[in-house]
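# Secondary and tertiary structure notes
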Amino acid sequence: MDSLPFALLVGIFVAAAAVVWVAGIQLSKATDVLDARLHLGSALGGLIVLAVATNLPEIAITVSAAVSGNLDVAVGNILGGIALQTVVLVILDAFGKRGRGVKPLTYRAASLTLVLEGLVVVAVLAVVIAGSQLPDGLEVLRLTPDVVLIAALWIVGLLLVQRAGSHLPWHEDGRAPDRSPKPQKPKRSMSTKKAAVVFSISALATLVAGVVLERAGDAASSQIGLSGVLFGATVLALATSLPEISTGLQAIRQGDDELAISDIFGGNAFLPVLFLLATVISGSAVLPRANAADIYLTALAALLTLVYVVGLIFRPQRRLLGMGVDSLTVLALYAVGIGGLFAISA
């Protein structure tokens with residue numbers, strides 16, 4: 001796409017973004033039905049089904065980069081967007097449900113299950129930072145210890161969330177007594193078969209449009225001379241987060257606040273698992289390729305996640321500038337963090 005005119009690249013970028021947005025809405029509707037029919041629950045459904053589907057573009061980009069041996073792209077693609085995907089919760093909090101008397105998103109969705117999901121994200125990101133300091137040459141059977149541990153933590157996290165979804169030894173099974181009630185399923189909901197078809201088609205559309213979005217955006221940034229790291233952490237990260245934004249807003253409109261947060265936490269916990277795939281394909285250690293900006297953004301993502309974990313525990317009721325105190329804090333920290341990124345990349 002590098003040879004295409006800038007105006008055409010912008011048009012392709014906008015068209016792909018529109019496809020991703022519409023597909024994301026359908027993904028959320030289909031996931032809501034599948035959660036109920038398969039008895040997954042909103043948290044586990046968001047952690048597995050929706051999180052994996054909305055990150056299909058990242059999966060495709062990672063596989064392509066690993067096959068071509070361009071591991072720096074694979075690392076930057078995965079780590080560059082996690083912090084901004086956490087900031088998507090700010091957008092969902094501010095625009096998902098508005099009006100007088102509306103409580104912040106973390107107040108409405110609060111549950112110990114979501115707290116657990118957030119802690120899984122932080123644990124996985126901690127291993128990412130540690131793994132980036134390991135030397136090359138630790139590959140055994142096309143695997144390295146760090147990516148194996150990341151995958152193991154993700155699987156253990158899934159098991160714990162499944163256990164938490166069925167029973168926790170806390171009052172109200174770990175759910176806040178006055179949180180948002182479980183959304184009522186419409187009487188004429190789509191069938192399981194139709195939901196599976198809609199989900200599959202929407203996932204495929206998300207995959208194709210997401211890859212086009214990334215390629216067109218990368219080519220456009222090159223033509224205007226924008227740094228790859230800065231573009232990836234800002235404009236491109238926001239564009240590739242469109243599936244999470246559209247599915248999250250749709251989930252909130254359906255009354256499923258927990259699914260909206262779980263999709264973000266689930267996606268952020270799942271993305272580093274792709275390092276295992278990249279390592280197996282390339283046969284080389286991947287995390288040692290992470291540069292200073294990648295590790296900086298990983299630490300920032302962990303910090304932003306912890307702010308929301310605290311918000312889920314303390315459940316702030318006040319809204320400032322149309323959002324909860326935790327979301328406002330995340331927005332401020334991200335702005336400061338991007339300033340630091342410019343300093344690193346200078």
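Anything mentioned here points back to the structure above.
As a starting point, this report considers the structure included with it. (Residues numbered from 1 in each chain as written. Predicted model: local features only at pLDDT ≥ 70, side-chain atom pairs only at ≥ 80, totals over all residues. Heavy atoms only, no water.)

### Some points on the overall build of the protein chain
Stated formally: Each helix is a run of H or I in the DSSP string that is no shorter than four residues. Each strand is a run of E no shorter than two, and both are numbered from the N terminus. Burial classification: accessible surface area is computed with a 1.4 Å probe over protein chains only, and a residue below 20% of its type maximum counts as buried, one above 50% as exposed, and the rest as partly exposed. Note on contacts: a residue pair qualifies if any of its non-hydrogen atoms lie within 4.5 Å across the two residues. Accessible surface is estimated by sampling points in the Shrake-Rupley manner with a 1.4 Å probe; for residues, cover comes only from the protein chains shown.
The helix and strand tally for the protein chain stands at 15 helices and two strands. In the protein chain, which comprises 346 residues, the share counted as buried stands at 53%. The long-range fraction of contacts in the protein chain, counting pairs at least 24 apart against all pairs at least 6 apart in sequence, stands at 85%. Carbon and sulfur atoms make up 68% of the accessible area of the protein chain, which totals about 14700 Å².

### Considerations on helix H13 (residues 274-282)
Note the threshold: Throughout, the arc means that of the directions going from the helix axis to the C-beta atoms.
Among all positions in H13, only Leu274, Phe275, Ala278 and Thr279 are buried. One side of H13 holds all its buried residues, which, seen down the axis, span an arc of 145°. Directly after H13, the chain includes Gly283, whose backbone phi takes a positive value near 75°.

### A word on the packing of helix H3 (residues 56-67) against helix H8 (residues 192-223)
Short version of the rule: Axis angles are defined between N-to-C directions and span 0 to 180 degrees, where every axis is a line fitted to C-alpha atoms and, for a helix, only to the segment in contact. By definition in this entry, angles of less than 35 degrees are roughly parallel, angles greater than 145 are roughly antiparallel, angles of 65 to 115 are roughly perpendicular, and the rest are oblique. In this scheme the handedness of a crossing depends on how the near helix is turned from the far one: anticlockwise by less than a right angle means left-handed, clockwise means right-handed.
Viewed as axis vectors pointing N to C, H3 and H8 meet at an angle of 60°, and their least axial separation amounts to 7 Å. By the angle between their axes, H3 is oblique relative to H8. The interaxial crossing formed by H3 with H8 has right-handed handedness. Residue-level contacts link Leu56, Pro57, Ala60, Ile61 and Ser64 of H3 to Ala203, Thr206, Leu207, Gly210, Val211, Glu214 and Arg215 of H8.

By themselves, these observations are geometric and do not establish any function.
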